[in-house]
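Descriptive analysis of the structure
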Amino acid sequence: MSIQKVAVIGAGVMGAGIAAHIANAGVPVYLLDRVDDDNPNRNHIADAAIAKLLKTEPAAFMHPNNARLVTPSNVEDHLHWLKEVDWVIEAVIENPDIKRALYHQLEGVCRADTLISSNTSTLPLKLLSQGLPDSFKQRFLITHFFNPPRYMRLLELVSDKTINPNLLTTLHDFADVHLGKGCVDCHDTPGFIANRIGTFWIQSGLLSAIELDITIEQADALMTAVGIPKTGIFGLLDLIGLDLIPHVLASFKQLLPTTDAFHQFGTAPALLQRMISEGYTGRKGKGGFYRLQPLEGRRIKESINLQTGEYQTSVKPAGLKLPKSQAELRQWLSQDDALSRYAWRVLSSTLAYSASLIPEIADDINAIDKAMRLGYNWQHGPFELLDMLGLDWFVGRLTAENQAIPTLLNNRKALYTINAGEKTFVDLAGGYHPIPKAEGVLLLADIKLKSPAILSNPSASLWDIGDGVACLEFHSKMNTLDKDSLNLIRQSIDKVKTEFAALVIHNDAENFSAGANLGLLLQAIHSNDWPAVTELITQGQQTYLQLKYSPFPVVGAPSGLALGGGCEVLLHCDAIQAHAELYIGLVETGVGLIPGWGGCKEYLYRWLHFSKRPGGPMPAIAQAFETIAMAKVSKSAADAKQMLFLSITDGISMNKDRLLADAKAKALALLPGYTPAQPYSYSLPGASAEAALDMAITTLRLAGKITDYDVTIAKQLAGVLSGGGCDIAEPLTESDLLALELKAFLYLVQQPGTLAKLEYMLIR
């Protein structure tokens, strides 16, 4: 069986978001809801949901055209359509009676092999399936998506022993490969995994901050020390909605035994209740713990005082030095000040609670760590954090405080170990097991456990990923590019020429590359060291040309941000295999510059050779100019294809864990009969094109859409893309275009306006 068509019943926020993401996978989906008797359009609720999705930010659809795959419908007229579908997802109100009544209807409509699941986040499977026939239970489970479904990678699966294992395998594979999800099998317990631990952590952080008189800015900043996203606790509460918390707490209070440690943090504070009653429910309301207030034409960020309940201008914690090593982390958590006591209380209670839940909520620690990484975007799961702290030290602290020691921690054995180059996790009996990985998953982190880097410096490394393919990894801060990065690219080219067959450029980080290291550029500007700037740009241009004309296939495998110089390196690859969440663009104009490492010439080439463009070079020049001048960035890999940052033959991987393997396969597929790229020339209009662009720039300035200095930047860009003072009858080489890029770049770096933009960007 395969999943070719899906139905989602319930067009609320979650149901509609799930439908959108299934459409992102290229799968047709019916979106059903009830009939609104007050509206002549019987599909009004589903229609309105789709319209809202198209306006949602961040976007629910990876491309607006994906909305065409979602068919609005209703449960009164179209339930019989479900005979066609392979998977039905129920996302209606959290009322077991309503859900079960729907299931009885589905039993009479759907094929015997149709998967049926509930997106519930609170109701147990045994309650939902109560009174339903075995034939239904054999294809029924809980599939708990996290919001927003496009961006949150976790999919919690709750099933029992009656389910058809083949259907479960089909769902696992579809969710993994086509939806890009990390599937975690959970036990049928309240809140499953991520929300059980996540709610405990949030409540511990909220109540402890009130008790210890910690500001919400301090609390959120402290959490980043252990790899929690910068939203922290209070930013996350604003994001998910404060009004949801009392309902979740009430559910846990009702379902969890009185002996469960959750109850010590299970009450919503009076301040939270007051905020909800006054409409301060978070980002969807008037504000939450943080809010934005208008002041003299600006929006000022304010935060609530947890003691008084009054708002004040939000202030970042001053002088907060966060730990960077195990020793520093232990020392920091041991200090007798309010901030350290707060961090220890929240962290220790959450980690101890997590350890106490094995095997209640999941079979092993790996499932819990994976759920918290993918569901709450923690950099490390709770058991990975315990290993970072050290079990001896952590248990010693708990013992000294007369805290209960979870069984899992009693033997004080490391929770994860490396055995024969493979990461393993411990079970309750003290034995170790390899972390399971699906076929087709290849992670650079695993490669690093097996062998050292072939080449390495502080900014980049080269790894052997097998089958004659090497992987070049950037690993500076935000993977910004500097002279070390460029040196490693050149060294890698020489190494691959003699010892490998192909090269992939990839890293496991959140972002591929944020571009060139602007700090180094700013330093040179302050010193008026224009030869150093010239050398940096020339070195980048020549390095990327070497990459482009290498005698072996080069495949870029980006995910997240690929900006400026990071975009330029990809434009010089033979092919790209991108993660679906790719945000790529040439954004140099935002800091007062233009692309200088060949980005202008490569992006212009793509538009000049675009088969669907109108005749003549001017439409291509205008399109390239608009995209670069406005510093446009794709909203997904699908969007990047439309913007021509990706070609029609470039691939897209929905699951980030499969990106490296897919890129490697693409590189190997290019090997038979591979010939390096051939140099090409540009026939550009020169002065006439520059004049046309100049008119467009003037129009934008008169309309107030750009500043005076934006005009300066745009004119330099126009000069490059038009070919300078060339004659269309005398084609330009790539070297000619690179010379124009360098000339414009050197002019701009010497302008006060560029200096101001660079300084603002780095200070911000």
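The shown structure was predicted, so the numbers you read here are calculated from the model rather than taken from an experiment.

What counts and how
Residues numbered from 1 in each chain as written. Predicted model: local features only at pLDDT ≥ 70, side-chain atom pairs only at ≥ 80, totals over all residues. Heavy atoms only, no water. Pairing = 2+ DSSP bridges. Helix = DSSP H or I, 4+ residues; strand = E, 2+ residues; numbered from the N terminus. Salt bridge = Lys/Arg side-chain N within 4 Å of Asp/Glu carboxyl O. Buried < 20%, exposed > 50% of the residue type's maximum accessible area, 1.4 Å probe, protein only. 1 Å grid on protein atoms, 1.4 Å probe; cavity = no way out; pocket = protein on both sides within 12 Å on 5 of 7 lines; lining within 4 Å. Points joined across faces, edges and corners; volume = space filled by probe spheres on them. Core = buried A, V, L, I, M, F, W, Y, C linked by side-chain atoms within 4.5 Å. Domains from an automatic or database assignment. Contact = heavy atoms within 4.5 Å. Phe/Tyr/Trp six-rings, centres within 6.5 Å; stacked < 30°, edge-to-face > 60°. Axes fitted to C-alpha atoms, helices over the stretch in contact; angles between N-to-C directions. Left-handed = near helix turned anticlockwise from the far one by under 90°. Nonpolar A, V, L, I, M, F, W, Y, C, P; charged D, E, K, R; others polar.

**Observations concerning the sheet that holds strand E16 (residues 460-464)**
Read from one edge to the other, the open sheet built from seven strands follows the order E15-E16-E17-E18-E19-E21-E23, with strand pairing classed as mixed. The open sheet is flanked by strand E15 (455-456) and strand E23 (651-653), the only strands paired with a single partner. Here strand E19 (residues 554-557) pairs with strand E21 (residues 575-579) via two bridges, running parallel. When the sheet's bridge partners are listed, Val555 is paired in E21 with Ala575.

**A short note on the pattern of salt bridges**
Taken as a whole, this structure holds 38 salt bridges when the rule is applied. Here Asp260 ties to Arg196 by a salt bridge, and the two come within 2.8 Å at their closest N and O atoms. Of this pair, Asp260 sits in the loop between helix H10 (244-255) and helix H11 (270-277) while Arg196 sits in helix H7 (residues 194-212); the two residues are 64 residues apart in sequence, bridging distant segments of the chain. Each member of the pair Asp260 and Arg196 is classed as buried. A single network of salt bridges, built from pairs that share partners, joins Lys548, Lys601, Glu602 and Glu734.

**Comments concerning empty space enclosed by the protein**
Following the criterion strictly, the structure yields three cavities of 30 Å³ or more and no others. Here the element with the most residues in the lining of the largest cavity is helix H13 (residues 338-356); it accounts for three residues.

**As for unusual backbone geometry**
Cis rather than trans, the peptide bond between Asn147 and Pro148 has omega equal to 0°. Within the chain, Phe192 stands out as a residue other than glycine whose phi angle is a positive 55°. Here Phe192 is to be found in the loop between strand E8 (182-186) and H7. Classification of Phe192 by relative accessible area gives buried; the value is 1%.

**Digging into the nonpolar core**
Of all hydrophobic cores here, the largest spans 107 residues; its most connected members are Leu82, Phe234 and Phe289. Per element, the largest residue contribution to this core is nine residues, and it comes from H13. Taken together, domain 1 (6-185) and domain 2 (194-417) each give at least three residues to this core, which thus spans both. Dropping the residues within four chain positions of it, Phe234 is found in contact with Gly205, Leu206, Ala209, Ile216, Ala219, Asp220, Phe289, Tyr290 and Leu306. In this structure, Ala524, Ile537, Leu593 and Ala718 belong to the second largest nonpolar core, which totals 83 residues.

**Comments concerning the packing of aromatic side chains**
Evaluation of the coordinates by the stated rule reveals 21 aromatic pairs. Arranged with centres 4.9 Å apart and planes meeting at 70°, the rings of Phe234 and Phe289 form a pair that is edge-to-face. Of the two residues, Phe234 is situated in helix H9 (residues 234-240) and Phe289 in the loop between H11 and strand E9 (290-295); the sequence distance between them amounts to 55 residues. Ring centres of Tyr605 and Tyr680 lie 3.8 Å apart, and the angle between their planes is 25°; this geometry places the pair in the stacked category. Placement of Tyr605 in helix H22 (residues 599-608) and of Tyr680 in the loop between helix H25 (659-670) and helix H26 (687-702) is noted, with a sequence separation of 75 residues between them.

**Quick notes on the packing of H7 against H10**
At their nearest, the axes of H7 and H10 sit 12 Å apart, and the two run at 115° to each other. The interaxial crossing formed by H7 with H10 has left-handed handedness. Residues Asn195, Arg196, Thr199 and Gln203 of H7 form the contact with H10, whose participating residues are Ile245, Val248, Leu249 and Phe252. Here the residues of the contact of H7 with H10 are counted per class, giving four nonpolar, three polar and one charged.

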